[in-house]
Amino acid sequence: MEDYQGRTPRWCVGCGDHTILTALLRLCRDEQLPPEKTVFVSGIGCSSRLPHYLKMYGFHSLHGRALPVAEGIKIRRPDLHVIVSTGDGDCCSIGAGHWIHAIRYNMNMTVLMHDNCVYGLTKMQASPTSPQGLKSNTSPRGALLAPLNPLVTALSVANASFVAQAPDWIPEILYSIIAQGFHHKGFSFIRILQRCPNFLPNLFDPFLKDPEKTLVLTHPKGIQLDASLARIYQNQAEHDPEDLNRSRELASNPDLTPVGILYRNDRVPCYEDLCKEQQSFTPAMIEGVLNKEFDKFTVQPQSNGSGAAALDGFETGLARGLNDHAVSAPCDLCQ
Amino acid sequence: MNPQPSINAMNHATNGPLSIHFAGVADNDRSRTAALNRWPALLRRYRELASLRHDYPLILIDHGSCRGIESLTAVVNSLLHRVAPRGPTGERMRRHLLRLEQEIRSLAFRKETGRLSRLWSMAVANLTSQPDLSTEEKQLLQQDFDGARSALDVEGEVIGCDANTADRVMRAMWRRTDGARVARTTAHLCQLGIRLNDLLRSDDLESDKSRQPEALQGAFGGRFCELIDFQAMSRTLCGNRPHGRMPANRRKRIEWALGVLQEQKFFGVEADTELYEFAFESCSEALAEFKRRLPRMVDVIKAIRVAALELEHRYRDKMHDHFFGRFDAGSLTSEDIRWFPSYFVSLRERDCDASNRANLIEILSSDLPIKLVFQVDRLLPDTEGQSDTLGATAWRTQLASMAVNLGSAFVVQTATSNLCPTAERLADGLAAPGPALFCIFSPGEDSGLPPYLAAAAAIESRLFPTMVFDPGEGDTWAECFSLDGNPQRDRAWPVHSFTYQDEQMQALTENLSFTAVDFWATDPSFADAFRPVPRRLWSEEMVPLADYLQADDEQNSGREPFLLLVGPDDLLQRVVVTSAAVQFAQRISRRWRRLQELGGINNSHTRRALDEARQAWESEKRNLIEESRRPSSTETEFPAAEPSIALRVAAPEAGCKVEVPAPVPHDEAWIETPRCTSCNECTNRNNRMFRYNENNQSCIADLHAGTYRELVEAAEACKVAIIHPGKPWNPNEPDLEELLRRAGNFR
């Protein structure tokens, strides 16, 4: 795992991001992911520091924009493994528009939403998933609104193909879900209940202290518990991940905290497959097409040869430029 | 139809029917003339083929359908299903569309060629310009035709059934099937070429040439160039250039691979490359070309593999140079050969000389991706009664069976009448790796029947049955061989009901078999084999040929086999067949029987095994019955069999709690490492007492590297409560009582 580890993490001691990082390092090791073929994309927040702590390609982007960047990477390089680290504010607030359509596009990537129910990096502001009544810098009298339920939202978007929830304090379940999400061909959305020891140290205490409060969803197509975990988390329910209606029911029940794979559908097509080019374009073909277009405006040689010479020289220069350099070089006609 | 025997028209042989059967002597020309223009009774209903809905004309579909061909009937049926609503309007549209279909069919029968849209427009123009239609009727017709036309989503070439149909259909299907595969390979090679180019270009960007002022200016574009000092830029970049250029041998290797991929002529990677031709008219030519192109194929495969290794930066000179240095034609696998387009050879059996036959067998015994279409024009011997010493007829009719026995080629035998129902299997054969043989009976106009009917009759009469052999399906006959597509496969001859009127105008129905001799009767050159028998000479000794063939010699003694034919005046006639014809039918029947065995129909081995098993079972049962009837002589008591005790453990219901015994507490400190969340709490406190294992989860490194207090505090700080301090190891540590009390929370 050390081979994949980058800099030393600077998260707080006790932060759930450490567990998530460990799970990702373990995934990289177990899957032997080539570093040059793996990209971690993040937005802004504590969660989004993650790419810095891995020795892979990383893109620490703008607040709320991790998903469009990840989609751009995937469409241009579908051969790369793309993993997105985003937070509750990054994904469900400023990035909500991107999030909904990213689910719909179902591009093959794994999205980990570190949900600590607060804007932590900026020192305690209420986020869309903050519990109602939470006192913060932006809600001194307590958050007025009921929190958004990311699972219900994700399950209601068309083309959703993988929705799961995992707690950061049960590393085995967390790893199992992340691994299955990684292997799922499509948009794998995993909401990770992540502890913030600094600003909300007791938010998940009821679950940590009483394992009965966590409902573990087991199924041969989902996750299975080994004997030691089964001894501790005895509140289990068999749930077929392909049952969308039951998934929605479980996700929307306020009295339950289901953990496991809520929904999985391997038949939803991925956007990058649907819009795959039927033909590859070589530079020679692109040059041919461009020249054909330019020929429509070619000025025919006049008697003194002056008019056409300049344009011919331009075309020749453009053709030479295309041969030597990237096609994206701007030209007068394009501006 | 009036079956009254035309007593005046017939002239019977002086020796009577029996002698005709045995002697097969032609005694007068009038009889011969009358024997012409007769059809087997079962084919009579298809005489006006142009007015019947059947599988022709065919449409060679441009895009969409995976089969590549569809019958006009199926297209119209699909259209009707979509556009003809229930009710009177739907009925009217259905009628109009069926008329349109009929008109298009008539055009095809009149040898009008072209695309469906063209024939559709012609048929619409013909129908709407009929003089006896009122204006309103014309408007309704046009409206319905326009509605159907807008819903029509099929386009392609319309072809009728003739001697060239098989070649046209198979060629079109081959282009479609192979074309899709070749397009995928071409796209893949284009991708490889682009990426190899990218590697070379990124290497070029490291070169001195790319840092010259002219090159930098060219990359910058047209605007604001005057503001940039490219000379200075060039000096700066050249001075600080990182030295990371590609090794020369690697560059040379990539350039070689790229060159091969760009210059090869198998796939259209470069737009103006003249590609190889893959359709041939002879086996010899195809084989020769394949062998001639083999070195180029080796180069292409090498280039693909080198490219894949280089793009993943996995090429190792020491290992791969040696491997590719020895890579030759013998190293090519069947997977490698599947990269390339398949070869298509279309042969007519009359043009197939000895050299072609030998090469054909060589191809069928190999792994070469060559698809052979063997068109048979004629199934019957050239002269009646001539024994097939030269093997010509056997070659025509038995080639598929010979190929099946070779075991390596995909084989389809069928006739042009069955191209639509077997389209999927034909497509499978064209897509299969390795060789494929398509034996297709394609009669022309000279066969005595319309080509479609002659083809259908050949299948019906078992003379040229449909069969498919796919060696890729498995190892057993049941998996590989199929006689699907033949009528009534479990019978020796298909049986159909036939209705006619007798002299009293009463409708009578009989079951008639369609035998190989019925097919024989359609060929005018064999008219001598059949002699009509006048009504007055019909006797009890005359038996239908099918019954005659089923009976043995003893039963057939004194009998005369006959066929029922229908003349042009629709009179039903009994014609006696010669003994040569009977032997022919027996040969065909035996051949069909052997095919049935291979296809698992009435398989003799299975029947024998079943019989033996049945006899053994019956014998055992009989013995048991006899034993039970015998009074028992002793008072032996047999203890009742104890019921087997099944130990069942009820599976827990979903959602219920699983009761598992709790772990036994022990005195030594321990950590539930698998549950560690790697939060650094304990390692930050004492990284000598606690350390991370290979999974980045905490475990006890050295218990004595810290105090019991540190252990208890770490347990209290652990958010997931996985540290269990156990009992202290140093009894002299201060405040042990309080620490033990606090540690008690973590037992």
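Conventions used here
- Residues numbered from 1 in each chain as written.
- Chains lettered and ligands numbered in written order.
- Predicted model: local features only at pLDDT ≥ 70, side-chain atom pairs only at ≥ 80, totals over all residues.
- Heavy atoms only, no water.
- Axes fitted to C-alpha atoms, helices over the stretch in contact; angles between N-to-C directions.
- Helix = DSSP H or I, 4+ residues; strand = E, 2+ residues; numbered from the N terminus.
- Parallel < 35°, antiparallel > 145°, perpendicular 65-115°, else oblique.
- Left-handed = near helix turned anticlockwise from the far one by under 90°.
- Contact = heavy atoms within 4.5 Å.
- Phe/Tyr/Trp six-rings, centres within 6.5 Å; stacked < 30°, edge-to-face > 60°.
- Buried < 20%, exposed > 50% of the residue type's maximum accessible area, 1.4 Å probe, protein only.
- Lys NZ or Arg CZ within 6 Å of the ring centre and 35° of its normal.
- Patch = residues over 30% accessible without salt bridge, like charges linked within 9 Å, V, L, I, M, F, W, Y side chains within 5 Å.
- Areas by Shrake-Rupley, 256 points an atom, 1.4 Å probe, with all protein chains shown as cover.
- Salt bridge = Lys/Arg side-chain N within 4 Å of Asp/Glu carboxyl O.
- Pairing = 2+ DSSP bridges.
- pLDDT = per-residue confidence, 0-100.
- Arc of directions from axis to C-beta.

(A) Looking closely at the packing of helix H2 (residues 66–76) of chain A against helix H4 (residues 96–105) of chain A. All names here are of chain A. Packing of H2 against H4 leaves a shortest axis separation of 9 Å and a crossing angle of 30°. One element, H2, and the other, H4, form an angle in the roughly parallel class. Between H2 and H4 the crossing geometry is left-handed. Two secondary-structure elements touch here, H2 through Leu-67, Pro-68 and Glu-71 and H4 through His-98, Trp-99, His-101, Ala-102 and Tyr-105.

(B) The arrangement of the packing of aromatic side chains in detail. Residues and elements named next belong to chain B. Evaluated as defined, the whole model comprises 27 aromatic pairs over all chains. On the numbers, 5.9 Å between centres and 10° between planes, the contact of Phe-280 with Tyr-343 is stacked. Residue Phe-280 is located in strand S6 (residues 279–280), and its partner Tyr-343 is located in strand S7 (residues 343–348); the two are separated by 63 residues in the primary sequence. A residue is classified by how much of its surface remains accessible, and Phe-280, at 5% relative accessible area, is buried. Ring pairing ties together the aromatic residues Phe-266, Phe-267, Tyr-276, Phe-278, Phe-280, Phe-290, Phe-340 and Tyr-343, which thus form one cluster. Over the face of the ring belonging to Phe-278 we find Arg-293, whose NZ or CZ atom lies 5.0 Å from the ring centre. Positioned above the aromatic ring of Phe-562 is the side chain of Arg-574, whose terminal nitrogen or guanidinium carbon lies 4.3 Å from the ring centre.

(C) Structural detail: a nonpolar patch on the surface. Residues and elements named next belong to chain B. A cluster of nonpolar residues, Phe-220, Phe-224 and Leu-227, forms a patch on the protein surface that exposes about 320 Å² of accessible area. Of note, Leu-227 is situated in the loop between helix H8 (213–220) and helix H9 (230–239). For Leu-227, a relative accessible area of 63% gives the class exposed.

(D) Just the pattern of salt bridges, in detail. Residues and elements named next belong to chain B. This model, assessed by the stated rule, comprises 55 salt bridges over all chains. Among the ionic pairs, Glu-289 bridges to Arg-292, the shortest N-O distance being 2.8 Å. Taken together, the residues Glu-289 and Arg-292, both in helix H11 (residues 283–311) and 3 residues apart, mark about one turn of the helix. A relative accessible area of 18% means that Glu-289 is categorised as buried. Members of the salt-bridge network, linked through shared partners, are Arg-250, Arg-253, Glu-310, Asp-317 and Asp-321.

(E) Structural detail: the sheet that holds strand S9 (residues 410–415) of chain B. All names here are of chain B. Across the sheet, which stays open at both edges, the 7 strands sit in the order S6-S7-S8-S10-S9-S11-S12 with mixed pairing between neighbours. Looking at the sheet topology across the chains shown, the edges are occupied by S6 and strand S12 (481–482). For S6 and S7, the ladder comprises 2 bridges, and the chain directions are parallel. What sits directly across from Ala-279, in S7, is Phe-344. Sheet strands touched by helix H7 (residues 165–204): S6, S7, strand S8 (370–376) and strand S10 (436–441). Its angle to S7, the strand with the most contacts, is close to 175°.

(F) Representation of the confidence of the model for chain A. Confidence along chain A averages 87 in pLDDT terms, with 88% of residues attaining 70 or more. Ignoring residues within four places in sequence, the model shows residues 307–335 of chain A, a span with pLDDT below 50, making 29 contacts including any to other chains.

(G) Focus on H2 of chain A. Of all the positions in H2 of chain A, only Ala-66, Leu-67, Ala-70, Glu-71, Ile-73 and Lys-74 of chain A are classed as buried. The buried residues of H2 of chain A occupy one face: seen down the axis, they fall within an arc of 160°.

(H) Layout of the confidence of the model for chain B. Taken over all residues, the pLDDT of chain B has a mean of 83, while the share at 70 or more is 88%. Taken together, the stretch residues 1–31 of chain B has pLDDT below 50 and engages in 59 contacts with residues farther than four places along the chain or on a different chain.

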